[in-house]
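Chain by chain, the residues:
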Amino acid sequence: MVTTPPEGNLPWPPVVALYAVSIRNSIVSGDVGLLKLTLAEAQKQNSQIGDIRSALAVARAALAKAKQGG
């Protein structure tokens, strides 16, 4: 899945989300090339982003703070 902003101009590049579905589909496809590519991209994304859970916790805290007015 590629995400793009409604306005078309976010301060970061579009993201190809490598959720379990994408990885599972590449496994089920039986396509070794696709599986290698998916695995390489998932490893690259994981090394760049790291643990998504901690990023989500920070985002939730920022949202809660914003909702409280500051």
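Not measured: the values here are computed from a predicted model.

Calculation criteria
Residues numbered from 1 in each chain as written. Predicted model: local features only at pLDDT ≥ 70, side-chain atom pairs only at ≥ 80, totals over all residues. Heavy atoms only, no water. Helix = DSSP H or I, 4+ residues; strand = E, 2+ residues; numbered from the N terminus. Buried < 20%, exposed > 50% of the residue type's maximum accessible area, 1.4 Å probe, protein only. Areas by Shrake-Rupley, 256 points an atom, 1.4 Å probe, with all protein chains shown as cover. Axes fitted to C-alpha atoms, helices over the stretch in contact; angles between N-to-C directions. Parallel < 35°, antiparallel > 145°, perpendicular 65-115°, else oblique. Left-handed = near helix turned anticlockwise from the far one by under 90°. Contact = heavy atoms within 4.5 Å. Nonpolar A, V, L, I, M, F, W, Y, C, P; charged D, E, K, R; others polar. Expected span 1.5 Å × (residues − 1). Polar contact = N/O pair within 3.5 Å; in protein donor to acceptor, adjacent residues only side chain to side chain. Patch = residues over 30% accessible without salt bridge, like charges linked within 9 Å, V, L, I, M, F, W, Y side chains within 5 Å. Salt bridge = Lys/Arg side-chain N within 4 Å of Asp/Glu carboxyl O.

### A closer look at the overall build of the protein chain
A tally of regular secondary structure across the protein chain gives three helices and two strands. Moving toward the C terminus, one meets the helices and strands of the protein chain in the order β-β-α-α-α. Sorting the 70 residues of the protein chain into buried and exposed places 9% on the buried side. Summed over its atoms, the accessible surface of the protein chain is roughly 6000 Å², and 63% of this surface lies on carbon and sulfur atoms.

### Here we look at the packing of helix α1 (residues 20–29) against helix α2 (residues 32–49)
Between α1 and α2, whose axes approach to 8 Å, the crossing angle comes to 160°. As the angle between them shows, α1 and α2 are arranged roughly antiparallel. For the pair α1 and α2, the crossing hand works out as left-handed. Here S22, I23, S26, I27 and S29 of α1 come into contact with α2, specifically with L34, L35, T38 and A42. Taken together, the residues that form the contact of α1 with α2 break down as five nonpolar, four polar and no charged.

### Quick word on α2
With 18 residues, α2 should cover 26 Å at 1.5 Å per step; its first-to-last C-alpha distance of 25 Å lies within 8% of that length. One side-chain oxygen at the N-terminal end of α2 lies 3.0 Å from the backbone nitrogen of G33; it belongs to D31.

### A word on the side chain of S26
One can find S26 in helix α1. Among all residues touching S26, those that are not within four sequence positions of it are D31, L34, L35 and T38.

### Side note on helix α3 (residues 52–67)
Over its 16 residues, α3 extends 22 Å from the first C-alpha to the last, a length consistent with the 22 Å expected when each residue adds 1.5 Å. Positive phi shows up at G69, right after α3, with a value of about 95°.

### Re a nonpolar patch on the surface
A cluster of nonpolar side chains, contributed by I23, I27, V28 and L35, occupies part of the molecular surface with about 340 Å² of accessible area. Mapped onto the elements, I27 comes out in helix α1.

These values are about where atoms sit, not about what they do.
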